[in-house]
Every structure is written in structure tokens, then in C-alpha cells.
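# Structure at a glance
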Amino acid sequence: MYTALRLQRRLKHELRRAREGGGGVQVTVLAPDPYMTYQPFLPEAAAGSISPRHVVVPLRRVLPHCRIVIGEAKSVDHARRTATVETLATEHAGTGPVEVPYDELVLAPGSVSRALPVPGLADHGIGFKTVEEAIGLRNHVLEQLDIASSTRDPAVRDAALTFVFVGGGYAGVEALAELEDMARYACRYYHNIRPRDMKWMLVEATGRILPEVGEAMGRYAVRELRGRNVDVRLETRLDSCENRVARLSDGSRHPCRTLVWTAGVKPHPLLERTDLPRDGRGRLRCTATLRVEGTEHAWSAGDAAAVPDLAAEKSRAREAGEGPPPECAPNAQHAVRQARLLADNLVASLRGREPARYEHSYAGSVASLGLHKGVAHVYGRRLKGYPAWFLHRVYHLSRVPTANRKARILAEWTLAGLFKREIVSLGSLEHPRAEFELAAGTGRHPEGP
């Protein structure tokens, strides 16, 4: 989306000529959803601090001069310059996928959750990469409080109040911290549940969490979470979660009805169905100009691309370091900047100019640990508590696309500071026809006498 947004601005005259029938260029954006999700705001959406509508950016609104196609690329044959695409229309018509020709390819499908072959994970695990998963998890957590409040079975109550998060990166830590904050606040409205009755657990296979913010801030984050009665287990793996029982590598077992899996990501499976060169981890091998290596007319950026980190390489050369050349980390800080340069380089290529090389010194990282709590390591300076949380909000507000979204999110934050937190579960949204099916099956209106 960021690349298309930049192309729309840089090629506005060519796009206008194409609309008027005088030749020019056409930018086609193929995406499985009609919106782009700003993932750093998913934890706040799950906690109810931000409306889910405001963490997504509608493509048709922000890209009015591009052709938007909602569908999925099944494969890419770059030798023939065609993509095999399946859309909602082809699916309903039963005609099968269609081939879409192109002149220039920008392949940036991102990443998907990396699910390991843990017994029971596919049946009971919950991901945290989409807005649907974030809102579904919020509804699920509040539903568990309802179950615990209404049951007389201690085993059911304990399992409902046990929440296990696997993965100590950004997604896992921020999701746990925000949802624990929300659930602790919600307990005041339940006559028989106290915050100490809940059991929140973070399981991390390595010896630290939040490695992006540095070792010192990672240790502070562990102390902060443990101070809130969160059971942080380092150097521990999830061995099984069959029958809704989390069995850990330290030998402990924890019956739970909530298991959130955030233990890493992997490149999108689409990359395996292309004829483009990939590295050992399955990402597209790219040059510093964001071209796919050894290939003309193909570009990539973001999580799907293995791009040389020129800034880190210079730093390593000064320190006479050894080892393989460094690559840009798969995070939003690099992805957004790469996307904009990719668009500029694509325009330069069309106009016969030399493309520029991507070089960006890593500015640092910020992470939220719930309302008014956070950690940050920015430009060599360490922050924690309220200043880090405030910096987290300011940074991401500046990065979320469009002034419309910025204004809406800022307004919601302001209102959240003036009024109480909403703790309504709307789990029935996941089954919108349930009430009608009940009425149709019984022959009565569900609201009738």
C-alpha cells in the first residue's frame, strides 16, 4: 500500500493520461483484503483503546487512482510476466483462477505466523497478526471471565482464568500486557472474580524477551510483568496443548482455555510458488536498490525481502567484524522506508534513471506494556514507564498512514482518557446468522414471548 501510495503521487500525470484514454501507466494493487492493517496498533485494538475500524486503512479510499483487485495470487510466472489470480468473482462463478499480465512486479506479501508442529496447537491456538484475530481474542478473554463468573466447577473456572501466551517478541508481550490490563480493569464489574484469581503466563524459548529494545530494557520488562503477577517463563518451550492443557518443557502442565501463539513469523507461502530467487529462509534475494537479485522488472520490500543492511555493514566494517553480510530486520521501520524508496526507484527505472540504494540506520525500538507503561531504546537512550509509553504512542501515531486515521486515533485516545474503558464482548459478531437460524428453525421470533 505504501508503494502504491507513492507511485500514485509520483506518476499522477501518467495515471491521468491513462484514465483519459491517452496511454500512460496503470497501477494494479492485488490484495486479499480491501484494507491495510497497521499491525503495531493491534494490541490496543484488542484492549479496546482503539476502534478496530481505525487500525485498518481502506485501499479504495487512499488509492483512488489505482486499480484495486481483491483476491489472492496463487502463483507468479515471472518468465512469462503473468500472475495466476483468484478473486471473489472467479470463486463464485466457478471459472477458476485467471492469468493477469504485468510489466513490472512489486511482490510484497509480508509474512504469516510460523506454526510449529506442537500437538494440539492447530486445534486450540490463537494467532495475533490480523485485526480479526485481535478482536476475536478480546471477545474470547471477556467470554472467559463470564464463564468463570457463572460456573460452580473449580476446574472449569481455573482453566477459564488461565491465559498462556507463547512468544516473547513484540506481538506476544504487547498483546499480553494490554489484555491483562483490560481484564484486570474488567474484574471490578464481576462480583466473584478478583485480579489475583487470574493466571497470565508468558512462555519464551530464549533467555530474554523484547530483544529489540536491548538486554537492560528486556530485564526491566520482565520485572514489570512479574510485578503484575504475570508468570514469565524464560528458556521454556510449549511441548503440547492437547485437550486444552499447556504442557511446558519444564515439566509443568496448565489447563487453559486461552493459548495465544506469537512465536515468530515466516515468509508468505506465495514466494514458494514463484520462479524468483530465494535465500535459505525463503525470502526473496534482493539488491540494495530493492530489485530482486539477478532479475529485471521484479521488486520487493518488507518481510518478504532479504535486503542488504548497508548501514549495519558499514558499522561492521569499522569494527572489523566477521560473518555473513547483515540484512535488514523484518520490521515496520525498514518496511515503510523500503516501500517508499521502491516506488521512487521504479519511477526512476521507467524514466531511464539510475535507482538509489536503500540505507537506513536503525533508530531503535519502542514497546508498550499496557496503559501508561512501556520500554524504549531509541538512538542509544533507554526509557521506561510513562515516557516510553508516551513515545510509543507518538511514534506510531506519526507512522500510521493518512491524516484521517491520525485524527481518529488521537480523538479516541483523548476520549479514553476522559471516560471509562469499554469491556463489552461482541463474540456473537462471529456468528451473525445464529439468531436468524434459531428463529427459522423454531418458527418463532427470538425476541417474541
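For the structure itself, look to the data block above.
Anyway, here's the lowdown on the structure attached to this text. Just so you know, the residues in each chain are numbered from 1, in the order the chain's sequence is written. Totals for whole chains, interfaces and linings use every residue, but because this is a predicted model, local features are given only for residues with pLDDT of at least 70 and side-chain atom pairs only at 80 or more, for both listing and counting. Calculated side-chain values reflect all of the structure's heavy atoms, with hydrogen atoms and water omitted.

## A word on the pattern of salt bridges
- Throughout this description, the term salt bridge denotes a Lys or Arg side-chain nitrogen within 4 Å of a carboxyl oxygen of Asp or Glu. Summed over all chains, the structure comprises 20 salt bridges.
- Arg-281 is the partner of Glu-327 in a salt bridge, and the nearest nitrogen-oxygen pair spans 3.1 Å. Residue Glu-327 is found in the loop between helix 11 (310-318) and helix 12 (332-350), and its partner Arg-281 is found in the loop between strand 17 (265-267) and strand 18 (284-285); the two are separated by 46 residues along the sequence.
- Relative accessibility thresholds used throughout: buried, under 20% of the residue-type maximum; exposed, over 50%; partly exposed, between the two (1.4 Å probe, protein chains only). Owing to a relative accessible area of 59%, Arg-281 belongs among the exposed residues under this scheme.
- In this structure, a network of salt bridges that share partners links the residues Glu-180, Asp-181, Arg-184, Glu-224, Arg-228 and Lys-373. Strands are runs of DSSP state E lasting at least two residues, helices are runs of H or I lasting at least four, and both sets are numbered from the N terminus onward.

## Comments concerning the layout of surface pockets
- Note on definitions: the grid is 1 Å and covers protein atoms alone; a cavity is a set of points where a 1.4 Å probe fits but cannot get out; a pocket is an open set with protein on both sides within 12 Å along at least five of seven lines; lining residues have an atom within 4 Å of a point. Grid points are joined across faces, edges and corners, and a volume is the space filled by probe spheres set on the points. Roughly 860 Å³ of internal volume is contained in the second largest pocket.
- Gly-48, Ser-49, Ile-50, Arg-138 and Glu-422 are the residues nearest the centre of the second largest pocket, which is lined by 31 residues in total.
- Of all the secondary structure elements, the ones that give two or more residues to the lining of the second largest pocket are helix 7 (131-150), helix 13 (386-399) and helix 14 (403-418).
- Ten residues, namely Ala, Val, Leu, Ile, Met, Phe, Trp, Tyr, Cys and Pro, are considered nonpolar, four, namely Asp, Glu, Lys and Arg, are considered charged, and the remaining ones, Gly among them, are considered polar. When grouped by side-chain class, the residues that make up the lining of the second largest pocket number 15 nonpolar, 7 polar and 9 charged.

## Topic: the environment of Gly-385
- In this fold, Gly-385 is placed in the loop between strand 23 (381-384) and helix 13.
- Sequence spacing of Gly-385 and Asp-303 is 82 residues, and the spatial spacing of their C-alpha atoms is 30 Å.
- Any two residues whose heavy atoms approach within 4.5 Å at even a single point are treated as in contact. Dropping the residues within four chain positions of it, Gly-385 is found in contact with Tyr-220, His-372, Lys-373 and Gly-374.

## Notes on empty space enclosed by the protein
- With the rule as written, the count across this model stands at 2 cavities of 30 Å³ or more.
- In this structure, the largest cavity spans a volume of roughly 40 Å³.
- Lining the largest cavity are His-124, Cys-241, Arg-244, Cys-256, Arg-257, Thr-258 and Leu-259.
- Residue composition of the lining of the largest cavity, grouped by class: 3 nonpolar, 2 polar and 2 charged.
- Of the voids in this model, the second largest cavity is the one considered here, and its volume is about 30 Å³.
- Considering the residues around the second largest cavity, the lining is formed by Arg-283, Gly-302, Ala-305, Cys-328, Ala-329, Pro-330, Asn-331, His-334, Ala-335 and Gln-338.
- When residues in the lining of the second largest cavity are grouped by element, the largest group, 3 residues, is from helix 12.
- Taken together, the residues that form the lining of the second largest cavity break down as 5 nonpolar, 4 polar and 1 charged.

## With respect to the packing of helix 1 (residues 2-10) against helix 2 (residues 12-19)
- Viewed as axis vectors pointing N to C, helix 1 and helix 2 meet at an angle of 80°, and their least axial separation amounts to 5 Å. As judged from the angle between their axes, helix 1 and helix 2 are roughly perpendicular. Judged by residue contacts, Leu-7, Gln-8, Arg-9 and Arg-10 of helix 1 engage Lys-12, Glu-14 and Leu-15 from helix 2.
- Residues belonging to the contact of helix 1 with helix 2 are distributed by class as follows: 2 nonpolar, 1 polar and 4 charged. Every axis in this analysis is a line fitted to C-alpha atoms, fitted for helices over the stretch in contact. Angles between the N-to-C directions lie between 0 and 180 degrees. When describing relative orientation, an angle under 35 degrees is termed roughly parallel and one over 145 degrees roughly antiparallel, while 65 to 115 degrees is termed roughly perpendicular and anything else oblique.

## Comments concerning a nonpolar patch on the surface
- For patches, a residue must show more than 30% relative accessible area and have no salt bridge; joins then use 9 Å for like charges and 5 Å for nonpolar side chains, namely Val, Leu, Ile, Met, Phe, Trp and Tyr. For the area figures, the Shrake-Rupley method with a 1.4 Å probe applies, and any residue is considered shielded solely by the protein chains shown. Residues Tyr-386, Phe-390 and Val-394 make up a contiguous nonpolar surface patch of about 300 Å² in total accessible area.
- For Tyr-386, the location among the structural elements is in helix 13.

## Side note on the nonpolar core
- Among the buried residues, those of types Ala, Val, Leu, Ile, Met, Phe, Trp, Tyr and Cys that are joined through side-chain atoms within 4.5 Å form a nonpolar core. Residues Leu-63, Phe-165, Trp-200, Leu-210, Leu-225 and Val-375 are the most contacted members of the largest nonpolar core, which totals 101 residues.
- Here Val-375 is in contact with Leu-210, Val-213, Met-217, Tyr-220, Ala-221, Ser-365, Val-366, Ala-367, Leu-369, Leu-383, Lys-384 and Ala-388, once residues within four sequence places are set aside.
- Listed in part, the 14 residues of the second largest apolar core include Met-201, Leu-238, Ala-246 and Leu-248.

## Examining the side chain of His-360
- Considering the arrangement of structural elements, one finds His-360 in the loop between helix 12 and strand 21 (364-368).
- Only 3.0 Å separates the side chain of His-360 from the side chain of Gln-333, close enough to count as a polar contact.
- Setting aside chain neighbours within four positions, we find His-360 in contact with Asp-309, Ala-311, Gln-333, His-334 and Arg-337. Polar contact is the term for a pair of N or O atoms within 3.5 Å; when the atoms are in protein, one must be able to donate a hydrogen and the other to accept it, and sequence-neighboring residues count only if both atoms are side-chain atoms.

## Quick notes on the side chain of Thr-258
- By the secondary structure assignment, Thr-258 is in strand 16 (residues 258-261).
- Among the polar contacts made by the side chain of Thr-258, one reaches the side chain of His-140 at a distance of 2.8 Å.
- For Thr-258, the contacting residues outside a window of four places in its chain are Leu-137, His-140, Gln-144, Thr-162, Phe-163 and Val-164.

## As for the sheet that holds strand 5 (residues 82-87)
- Paired strands, in this sense, are two strands between which DSSP finds at least two bridges. If you walk across this open sheet you meet the 4 strands as 1-4-5-6, and the pairing is mixed. Since the sheet does not close on itself, it has two edges, and those belong to strand 1 (28-31) and strand 6 (98-101), each with one partner. The average undirected angle you get between the axes of adjacent strands in this sheet is 60°.
- Note: strand 4 (residues 67-77) against strand 5, 6 bridges, orientation antiparallel. Bridging from a neighbouring strand, Gly-71 pairs with Thr-87 of strand 5.

## Focus: the packing of aromatic side chains
- Aromatic contacts are taken between Phe, Tyr and Trp rings whose centres are within 6.5 Å, Trp giving its six-membered ring; a plane angle under 30 degrees counts as stacked, one over 60 as edge-to-face, and the others as tilted. This model, assessed by the stated rule, comprises 7 aromatic pairs.
- Considering the side-chain rings of Phe-41 and Trp-413, the 5.8 Å spacing of their centres and the 85° angle between planes classify their relative orientation as edge-to-face. Here the residue Phe-41 occupies a position in the loop between strand 2 (35-37) and helix 3 (42-47), and Trp-413 occupies one in helix 14, the gap between them amounting to 372 residues. For the pair Phe-41 and Trp-413, one class covers both residues: buried.
- A centroid spacing of 4.2 Å and a plane angle of 20° characterise the contact between Phe-163 and Trp-200, whose relative ring orientation is stacked. With Phe-163 in strand 10 (residues 162-166) and Trp-200 in strand 11 (residues 199-203), this pair connects stretches of sequence that are 37 residues apart.
- Within the aromatic cluster, the residues linked to one another by ring pairs are Tyr-38, Phe-41 and Trp-413.

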